[in-house]
Amino acid sequence: EVVLAVRGTSTVQDVATDVRAAPAPFPPSSDEEWVLDGDAFAFAGMARAAEYVYRESYEALKALHDSGFSIVLTGHSLGAGVASLTAVLLKRSLERIHCVAFAAPACVDGRLAEAMRPFVTSVVLGDDVVPRLTARALRRLVQKLLHERQSCMTHWRADLDAAWGRLRDGLWAP
């Protein structure tokens, strides 16, 4: 076996890749036959990263595969999402591909997730939030946090004005 490990989030650019949750058609259409060419979706940032890993590693992985090696991809968090999507791209032309994804974000639609089931194993520890967080849930969380922030700022301003008024009027004087 040959193992290709994809690192997780470590730079500001990686964070930008993490949060680019807009859906993009995936895998991109190609000449090779594949069950979901262009009919499924993945997060745009991770899909583009997977396409990059595929372009950079395909020739070497194909040569190893043709020499009899099985190819295993792995990663954690962002790296797991990218490794999983790279496995999809490789699976179109290589048979012996498997991916073990640790705490992969929910970065594909249901159709693609089902198509990946035979060759991607997702490992999640306890109640790790990253694999359970969807783009919709993240948007709702951000909206709620912004609403609560605004609410707190409104009340904070009123409380601060009242405290200054008491100080000014001497109600807190000893």
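Rules and cut-offs
- Residues numbered from 1 in each chain as written.
- Predicted model: local features only at pLDDT ≥ 70, side-chain atom pairs only at ≥ 80, totals over all residues.
- Heavy atoms only, no water.
- Disulfide = S-S within 2.5 Å.
- Core = buried A, V, L, I, M, F, W, Y, C linked by side-chain atoms within 4.5 Å.
- Buried < 20%, exposed > 50% of the residue type's maximum accessible area, 1.4 Å probe, protein only.
- Helix = DSSP H or I, 4+ residues; strand = E, 2+ residues; numbered from the N terminus.
- Contact = heavy atoms within 4.5 Å.
- Expected span 1.5 Å × (residues − 1).
- Bend = angle between axes of the 7 residues up to and from the residue.
- Phe/Tyr/Trp six-rings, centres within 6.5 Å; stacked < 30°, edge-to-face > 60°.
- Pairing = 2+ DSSP bridges.
- Axes fitted to C-alpha atoms, helices over the stretch in contact; angles between N-to-C directions.

Colleague: Give me the lowdown on the state of the cysteines, citing residues and values where you can.
Modeller: Applying the stated rule across the entire model yields zero disulfides. In this structure Cys-99 is not part of a disulfide, and its nearest cysteine sulfur, from Cys-107, lies 9.8 Å away.

Colleague: Outline the nonpolar core, listing residues and values.
Modeller: If you look at the biggest cluster of nonpolar residues, it comprises 34 residues, and the most contacted ones within it are Phe-26, Leu-73, Leu-85, Leu-90 and Leu-112. Looking at this core, the elements with two or more residues in it are strand E1 (2-6), strand E3 (41-43), helix H2 (44-66), strand E4 (71-76), helix H3 (78-91), strand E5 (97-102) and helix H4 (110-116). Counting residues per element, this core draws most heavily on H3, which supplies nine residues. Beyond its immediate sequence surroundings of up to four residues, Leu-85 is in contact with Phe-26, Ala-42, Met-46, Ala-47, Ala-50, Cys-107, Val-108 and Leu-112.

Colleague: Could you give an account of H2, with specific residues and numbers?
Modeller: Compared with the 33 Å implied by 1.5 Å per residue over 23 residues, the 31 Å span of H2 between its first and last C-alpha is a close match. Taking the largest bend as the criterion, H2 deviates by roughly 55°, centred on Ser-57. Those residues of H2 not exposed but buried are Ala-44, Gly-45, Met-46, Ala-47, Ala-50, Glu-51, Val-53, Tyr-54, Ser-57, Tyr-58, Leu-61 and His-65. Positive phi appears at Gly-68, one or two residues downstream of H2, with a value of about 105°.

Colleague: A description of the packing of aromatic side chains should follow, citing residues and the corresponding values.
Modeller: Throughout the structure, instances matching the rule amount to one aromatic pair. Ring geometry for Tyr-54 and Tyr-58: centres 5.1 Å apart, planes at 40°, overall tilted. Pair noted here: Tyr-54 and Tyr-58 are both in helix H2, with a separation of four residues, about one helical turn. For the pair Tyr-54 and Tyr-58, a shared accessibility class is recorded, and that class is buried.

Colleague: Summarise the sheet that holds strand E6 (residues 120-123); cite the residues concerned and give the values.
Modeller: Note on sheets: strands pair through backbone hydrogen bonds, and any given pair is parallel or antiparallel. Ordered in space as E1-E4-E5-E6, the four strands form an open sheet in which the pairing is parallel. With one partner strand each, in any of the chains shown, E1 and E6 form the two edges of the open sheet. Put simply, the sheet's adjacent strands are angled 15° from each other on average, direction ignored. Direction of pairing for E4 relative to E5: parallel, over a ladder of six bridges. Among the inter-strand pairings, Leu-73 is bridged to a residue of E5, identified as Cys-99.

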